[in-house]
Amino acid sequence: MKRNAKILDCTLRDGGRVIDCAFPQFHIEGIIRGLAASGIDIVEMGFLRGNTAYKGNSTFFADMGQARACIPENAMKYGTEFVLFADHGAEYSGWDFGRLPPCDGKTVAGIRLGVRKHNFGEAVPVMRKIKELGYRLYIQMVETRNYAEDELLRAIDRANEIGPCAIGIVDTFGKMYLPELERYYRLVDGHLDRQIAIDFHTHNNMQLSFSFAQAIVGLSGGKRDIVLDATLDGMGKGAGNLNTELIVDFLNSEKGYGYDFDGICDAIDEHIAWIKESRGWGYSVPSLLSGVFSSHPNNVRYLLEKNRLKTKDIRHILAKVDPETRKRYDYGILDRAYLEYSSTVCDDGAALELLKEALRGRPVLAVVFGATSRTCRDAILRHIERERPVTISVNHVYRERRPDFVFYGNQRRYENEALLGESGDLRRIVTSNVAGAGGDARDIVVDYNKVVSIGYPNYDNSTIMLLNLLRNAGVAKISIAGLDGYGERREASFSDEVFSHNAPGSASGSRASGASERNREMAALLARFRDTLSERHSVEFVTPSRFSAIFGSSREYGECGEYSWAGNGADGATDSAAYGKAGAFAGLKLLVLDVDGTLTDGALCYGDGNVELKAFSARDGAALKPLPKLGAGVVFLTGRESEAVARRAADLGAVAVQNARDKAAALRALLAERGVAPERAAYIGDDLNDCAAMSLCGWKACPADAAAEIKAMADYVSPFPGGRGAVRDCVEKLLKDCGRWGELLAAYGIRKMLTKHGPL
């Protein structure tokens, strides 16, 4: 019987996006060997990518030789075809096909070229070159739904002229329903040369990938060759892909194919299960929204992480974003849409006067719903008896002692409270963005726009909004209980199951890494709040907190009994002492610096021959040279290569990583090599090619003349331009905020700074 359906397993490529394709070499070879031994027809080994600094343990390959070396000898005997994927276009990290060697006839046999509607025509010469060099060509029509019918037919006509082995229909955002899939299949099948297979690549956003695969097999009727893209355990970002094991079982059971199902299961157990333990994927409502709105899944995750929006709110916010714009992720645009959706300006003069009168001359205790609000109950109650504060609980009614007010800055918490009816006749302070605020006589509505901290991640965190409100109302003495931060285990971070079950997951896939990121954001917000206070203000913590040292607290929490962050995970070692005064972090282990435009003014001066001249700031050097002695490595990270950079790095005791076309990949490798956690690294850069690497680090800064996108993500923007003291200023800012500037001064033998006005 002729087998017209083939399975193309793309675990190492599309599935690998879950972990930025950072597979250890053992697992790369094991997956390849397991798939080949199980009879899988085609194995896609990974990407050919431009701007990739390949150092192994990755399926982002910089050249063909690196990929070929990953195929075990004993995997080539099964007749499996090995292919690589490459996007066309520099904006998609496209690879330079001028470097493609001839096909060797035994290792990598095919290239899958990702093309889009706007660059299909310009990719034709590359398609021809791939074939001329002896490779099997697969044309993947990324975002196929973007093509109008006549545009799709013209593309098929070009494909017929070129003669690939397959043309791929790609449901990039998991948006298709079955009638649309059938329409695409019949349209392509009716116009495509009979010798060319139809490849389907679907995403499981709407739980349809396996159904689609069965439908495509049926539509082919055994007459047209088809290729079905799949991944082990459906591995892939968001909802993931068609499961290899499911389509294997279907073809074996219904069509009599002979794939080794047990071998596929073994490959999942050995090489995929460990990833899924920390990086989840699979159907979810956010994935559904990503499909419904043809939106990049990161947009949905970003909005979901706010943990104050309902699914319907996310839907309405995405609808405000231009359809083309939401296919990529731009958090600045999302924040503007979110702010427009949620913000309601109100005249809160009367409400503020009412609060000022109620709070006048009184200390205030803010009770957040962290786990310590439960475990340190006695300490909180003793504090209330001793200080007689006005007690305000945040987004919940504190059950241990009836508060004077409840503060709501979160739509979900406000609505949950209404359902539970716990607050009785308590006065409620509600921000104006909360729908329904003011509809109850108990509500004191305050202007949302006056209490948010625009410009910071998670800028409308409810605790921060309350603190800003208390400052605005003239409260001088503030105590905080239950502000624990986020941990790996939900129940260790929240006071009860209601909050535990409603807690957000991790934006980055791992709950621990997501919690660490949220803790850093909270620390930055608290540091920003601290910097707005005058000398008459005081802030103290009644219960243990990761963030207490931001306000200079060194208090012992004996009243709470034995307490440890151990078991809470995710930043257990980086409690308040680690954040120090910096707000962002204090444990600087690595400072990473862009060169052109950061350490220099960006001018490129060419001399005779291959000489390239660069001008560095001596003032920058004065701040950088002592850092290694303070325990912080210094790295110059640049996409160019210059002897001048190597010399300047050597002068300062720094390391120069040059010709790093993919700075993020180079930085990840560097962090792994040195054993430095990303939150312990700082990055100073100025332009778009710094974005990805910069986002990995715990503290980010830039010169005054940096790109707008860089400024938007920076924790600090220097008033000085690149090459003119910006780096010196950024280092000084960071070390002063961390309380470590004195260490740098001591390296120069300076123990006390004096001015004509006295000690500095």
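Above this note sits the structure.
Residues numbered from 1 in each chain as written. Predicted model: local features only at pLDDT ≥ 70, side-chain atom pairs only at ≥ 80, totals over all residues. Heavy atoms only, no water.

## Thoughts on the sheet that holds strand S15 (residues 477-481)
Read from one edge of the open sheet, 7 strands run S14-S13-S12-S11-S10-S15-S16, paired in parallel fashion. Of all strands in the sheet, those bounded by a partner on one side alone are strand S14 (443-446) and strand S16 (538-541). Strand-to-strand twist across the sheet, computed as the mean angle between neighbouring axes with direction ignored, equals 25°. Pairing of strand S13 (residues 427-431) with S14, which is carried by 4 bridges, proceeds in the parallel orientation. Its bridge partner being in S14, Arg-428 is matched across the sheet by Asp-443. Its contacts with the sheet place helix H14 (residues 349-359) against strand S10 (364-367), strand S11 (390-394), strand S12 (405-408), S13 and S14, and it is angled at close to 115° to S14. (Pairing = 2+ DSSP bridges. Helix = DSSP H or I, 4+ residues; strand = E, 2+ residues; numbered from the N terminus. Axes fitted to C-alpha atoms, helices over the stretch in contact; angles between N-to-C directions. Contact = heavy atoms within 4.5 Å.)

## A short note on unusual backbone geometry
Notably, Cys-21 is not glycine yet its phi reads approximately 60°, a positive angle. By the element assignment, Cys-21 lies in the loop between strand S1 (5-9) and helix H1 (25-37). Accessibility expressed as a relative area gives 0% for Cys-21, which makes it buried. For Arg-388, which is not glycine, the phi torsion reads 50° and is therefore positive. One can find Arg-388 in the loop between helix H16 (377-387) and S11. (Buried < 20%, exposed > 50% of the residue type's maximum accessible area, 1.4 Å probe, protein only.)

## A few points about the pairing of S13
Side-chain positions along a regular strand alternate between the two faces of the sheet. Along S13, 4 of the 5 residues are buried, which leaves the element largely enclosed by surrounding structure. Strand direction decides the pairing type here: S12 and S13, joined by 4 bridges, are parallel. Following the sheet pairing, Phe-405 is matched in S13 by Arg-427.

## A word on the sheet that holds strand S24 (residues 716-717)
Ordered in space as S21-S20-S17-S22-S23-S24, the 6 strands form an open sheet in which the pairing is parallel. Of all the strands in the sheet, the pair left with one neighbour each is strand S21 (655-657) and S24. Set on the sheet, helix H27 (residues 726-737) makes contact with strand S17 (590-593), strand S22 (681-684), strand S23 (699-702) and S24; between it and S23 the angle comes to about 150°.

## Details of the pattern of salt bridges
All chains considered together, the criterion is met by 34 salt bridges. When the shortest N-O distance is used, the salt bridge between Glu-161 and Arg-158 registers 4.0 Å. Here Glu-161 pairs with Arg-158, and both are found in helix H4 (residues 149-162), just 3 residues apart, close to one helical turn. A relative accessible area of 53% means that Glu-161 is categorised as exposed. A residue is classified by how much of its surface remains accessible, and Arg-158, at 32% relative accessible area, is partly exposed. Via salt bridges that share partners, Arg-13, Asp-14, Glu-44, Arg-112, Asp-199 and Asp-229 belong to a single interconnected network. (Salt bridge = Lys/Arg side-chain N within 4 Å of Asp/Glu carboxyl O.)

## A few points about the environment of Leu-604
On the secondary structure map, Leu-604 appears in the loop between S17 and strand S18 (605-606). Measuring from C-alpha to C-alpha, the distance between Leu-604 and Ala-615 comes to 9.3 Å, with 11 residues separating the pair along the chain.

Function cannot be read off these values alone, since they describe shape.
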